[in-house]
Each structure stands twice: as C-alpha cells, then as structure tokens.
Amino acid sequence: MDFRDSPQEAAFRERLRSWLSLHAKEFSSSGDEYWTRQAEWHRALYREGFFGLSWPREYGGQALPAVYDVVVDEELARAGAPPRPSVGYLVYGIGRHGSDALRRRFLPGIIDGTERWCQGFSEPGAGSDLASLTTTATREGDNYVVQGHKIWTSYSDVADWCLLLARTDPAARRHRGLSAFVIAMKQPGVQQRPLRMMNGVSNEFGQVFFDGATVPADRMVGSPGDGWAVAMTVVGHEREPSTLGYAARYNKLVRTLLARHDGSVTEELAWAAIQAEMLTHHVRRRLSEQLDGVSHGPEGSLDKLLMTWVEQSVGHAALAVGGTHDPDLFSAYLYSRAQSVMGGTSQIQKNIIASRILGLGV
Ligand SMILES: Cc1cc2nc3c(=O)[nH]c(=O)nc-3n(C[C@H](O)[C@H](O)[C@H](O)COP(=O)(O)OP(=O)(O)OC[C@H]3O[C@@H](n4cnc5c(N)ncnc54)[C@H](O)[C@@H]3O)c2cc1C
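What counts, and at which threshold
Residues numbered from 1 in each chain as written. Predicted model: local features only at pLDDT ≥ 70, side-chain atom pairs only at ≥ 80, totals over all residues. Heavy atoms only, no water. Helix = DSSP H or I, 4+ residues; strand = E, 2+ residues; numbered from the N terminus. Rg over C-alpha atoms; globule rule 2.2 N^0.38 Å. Buried < 20%, exposed > 50% of the residue type's maximum accessible area, 1.4 Å probe, protein only. Expected span 1.5 Å × (residues − 1). Arc of directions from axis to C-beta. Polar contact = N/O pair within 3.5 Å; in protein donor to acceptor, adjacent residues only side chain to side chain. 1 Å grid on protein atoms, 1.4 Å probe; cavity = no way out; pocket = protein on both sides within 12 Å on 5 of 7 lines; lining within 4 Å. Points joined across faces, edges and corners; volume = space filled by probe spheres on them.

A.B. asks: Which parts of the structure should I look at to understand the overall build of the protein chain?
C.D. replies: When helices and strands are counted, the protein chain shows 12 helices and eight strands. Compactness check: the protein chain gives a C-alpha radius of gyration of 21 Å against a globular reference of 21 Å for 362 residues, within 12% of the reference. For the protein chain, the C-alpha atoms occupy an extent of roughly 65 × 45 × 40 Å along the three principal directions. In the protein chain, buried positions account for 48% of the 362 residues.

If you want it as structure tokens, here you go:
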C-alpha cells in the first residue's frame with residue numbers, strides 16, 4: 001500500500017491542519033474540564049466536516065474511505081488536540097443489530113454528537129465474566145422494566161442514552177438469556193453516582209442504578225436473546241486500534257519525552273520509542289487489510305494487547321522522565337494503567353488469543 005496522500009487527501013489534511021492551528025488549543029484542556037468540553041469538541045469536529053467521515057451519508061456520515069479518519073487521527077495527535085470521540089462501538093453495534101427505525105432514530109445523533117451515550121455492560125459482579133450479569137429487564141405490556149446495578153460506566157453523568165445489556169430470560173443459561181436495549185438515562189428509576197479516578201478526574205465515569213426504569217419494547221437492539229451478539233460486536237470494535245490515532249499519540253508523547261529527558265532514562269525511552277513505532281507499522285497493516293475488505297474477529301484481542309503494552313511502556317517512560325511532579329506526564333502514566341482493564345483485561349485478551357487464534361484448549 002502507498003501511504004502517501006492523494007491530492008484530495010492532501011487538500012483535506014491542509015484544511016484540517018489550518019483549522020486545528022486556530023482551534024485545537026480551545027479544547028486541549030486536561031482533567032475534569034476536558035471531559036466537560038468533550039461534547040463541544042465532538043460537535044465542532046462534526047460541524048467542520050472532520051468527524052463521521054467513513055460512515056453512511058443517510059446517518060450523517062460522508063461515506064469516505066477509512067483513510068480520511070487516519071488523516072484526522074494523525075493531525076489531531078500532531079496538533080496535541082483531544083482524540084476523535086470514540087462512538088464507533090455504538091455506530092457498529094446499533095448499525096449491525098438494530099432495526100431500521102432504531103438506526104434512523106439514533107445513529108444521526110450519535111454521529112453528530114447532539115446526543116450523549118454510555119455503555120451499560122459491566123456490573124460489580126460481572127466484568128470479565130460478563131455473561132453472569134444479573135441486571136434484569138422484565139416485559140410488562142409494551143415496555144420492559146429494568147432492575148440492577150452497572151459500574152465503570154464511562155460518561156454516565158452526561159449521557160442521554162445507554163446501550164444496556166440485561167437479562168430478559170432468567171431461565172436461559174448465561175449469555176443466551178441476554179438482550180440489549182437503548183434506554184433513556186434521564187427518567188425516574190435511573191440514578192448515576194460518579195467515581196473518582198486515581199488521576200483525579202471525577203466525571204469520566206460512574207455507577208448507575210436502575211430501579212424500575214422503563215424502556216419501550218421496540219427499543220430492544222435485535223431480538224430477545226441477541227444481547228450477547230450485540231455485546232461481541234461492540235467489544236470487537238472497542239478492541240481494534242484500526243486507526244493510527246493511538247499510535248500517533250504515543251509517538252508524539254515519545255517525541256516530547258525525548259526532547260525533555262536528561263540522559264538518565266535512556267532504556268525506558270528507547271523501549272517506548274521502539275514499541276510506539278512497532279504499533280504504527282502494525283496498525284498500518286491492519287488499515288491495509290481493512291481497505292482490502294478484510295475484517296477481523298478475535299485478532300482484535302491481539303491489537304488490544306499490543307496497544308496496551310505500548311501505552312504502558314510509554315506511560316512508564318513518562319513517569320521516568322517527569323516523575324510525579326509534571327501533572328501531564330504523571331497523568332499519562334496513571335491513565336495508562338487503565339488500558340489493561342478497560343474493554344476487557346489483558347488476561348482475557350490472552351485467553352481469547354489462546355483459545356480462538358491458537359486453538360489451545362483453555
Ligand atoms: C477506564 C475504564 C472505562 C470503562 N468503561 C466502561 C464502560 O463504559 N462500560 C462498561 O460496561 N464497562 C466499562 N469498564 C469496565 C471494564 O470493562 C471492566 O473493568 C473489565 O471488563 C474487567 O472487569 P472487572 O473490573 O470486573 O474485573 P474482574 O473481571 O473482576 O477481573 C479481576 C482480575 O481477574 C482477572 N481475571 C478474571 N477472569 C479471568 C480469567 N477467566 N482468566 C484469567 N484472568 C481472569 C482479570 O484479568 C483481572 O486482572 C471500564 C473500565 C475502565 C478501567
């Protein structure tokens with residue numbers, strides 16, 4: 001594959017670069033303020049024609065090749081701007097499994113950022129073993145009534161909607177009894193409580209209590225019992241670093257560290273630089289495959305594991321260079337710890353690689 005820009009891509013890159021030179025700083029805050037302004041950032045990117053590029057036009061996308069998303073990721077990282085909003089898991093989850101009516105109602109607001117979302121999968125007793133979740137949705141007339149407790153729900157404080165996984169058939173075994181819903185967060189019977197992260201951010205995620213909340217039956221994504229399939233589509237998309245965004249970001253941090261180090265931490269820095277470069281090549285290969293129409297299943301676990309290793313190597317190098325005194329570098333280190341947990345832990349990725357790629361009997 002030729003990675004040089006075509007004339008159209010080069011013109012797009014130039015327009016984006018000049019917009020970012022004027023506006024990236026407005027949004028490049030850290031900590032709680034970043035999360036507060038995330039919706040504005042999403043809408044600004046969309047309004048200027050820099051978001052939702054590869055998604056279908058009928059839902060507000062531009063139906064461009066995925067390579068335009070790569071250009072966006074590279075330029076955002078270069079400008080030190082916040083990353084592209086990560087709503088792809090919703091677009092693919094609802095896009096693949098939802099009815100026409102659900103797709104028409106919800107995809108445009110997800111893509112243009114006018115409606116905020118969260119993902120209600122994990123529970124205090126069901127994280128890695130998601131199929132053991134106990135939140136129930138019980139049919140009553142035209143509605144389902146939801147009872148249960150979700151945790152680690154990113155953006156739950158600002159979300160209008162939640163992609164919820166709940167048990168609709170208590171008699172069916174584990175994942176067979178699960179269904180997915182689009183449920184309104186702003187209604188009686190839904191309570192959200194924030195959780196403070198170790199980097200001090202207190203409004204990135206929370207726990208959500210459902211106590212008699214209702215959801216119309218036609219807001220089920222797919223059919224009763226399809227919840228597991230929806231969840232697998234969603235986590236599959238969360239695990240792929242199918243764009244260069246993360247790799248570009250890690251390389252940028254490595255360059256910052258190289259410019260600032262005093263020569264005493266060469267080994268950590270060299271390792272971080274090699275890993276970030278390795279991820280760039282790996283993701284480029286994935287991108288070539290994607291443009292050739294190859295889609296991956298369990299290989300997403302390899303990508304997630306590699307990305308975690310790289311983020312944590314770069315995080316260690318940031319700690320080695322900045323210690324605990326530089327807030328941005330220390331925050332990069334602290335956040336890197338979450339990468340081996342969110343979207344499925346590293347141990348779970350290794351189990352998937354062992355059983356589904358290597359065919360080992362685990
Ligand atoms: C920043 C962040 C954002 C998140 N956002 C969301 C969100 O928006 N929505 C949502 O639903 N969830 C979210 N999560 C939750 C995340 O998906 C879970 O934390 C994750 O799946 C692990 O579940 P757990 O925390 O219950 O840990 P556990 O499953 O209890 O695991 C504890 C430890 O045991 C290990 N372990 C468990 N089972 C096995 C096994 N079979 N083999 C080997 N080792 C095993 C794990 O690897 C881990 O080290 C988020 C998490 C983080 C950190």
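A.B. asks: Explain helix α11 (residues 327-338) here, please?
C.D. replies: Spanning 12 residues, α11 covers 17 Å between terminal C-alpha atoms, matching the ideal 16 Å at 1.5 Å per step. Turning to α11, its buried residues are Leu329, Tyr333, Leu334 and Ser336. An end-on view of α11 places all buried positions within 155° of arc, on one side of the element. Looking at α11, the residues exposed on the side facing more than 90 degrees away from the buried face are Pro327 and Asp328. Two or three places before aspartate 328, at the start of α11, stands the capping residue aspartate 326, its side-chain oxygen 3.0 Å from that residue's backbone nitrogen.

A.B. asks: Looking at this structure, how should I read empty space enclosed by the protein?
C.D. replies: The gaps of empty space that remain are located by a probe, the size of a water molecule, rolled over the atoms. Taken as a whole, this structure holds one cavity of 30 Å³ or more when the rule is applied. As a volume, the largest cavity reaches approximately 120 Å³. Around the largest cavity, the lining is made up of 13 residues, and of these Gln38, Val87, Arg116, Trp117 and Tyr155 lie nearest the centre. Elements with a minimum of two residues in the lining of the largest cavity: α3 (38-47) and α5 (88-97).

Shape descriptors only; they carry no functional weight alone.
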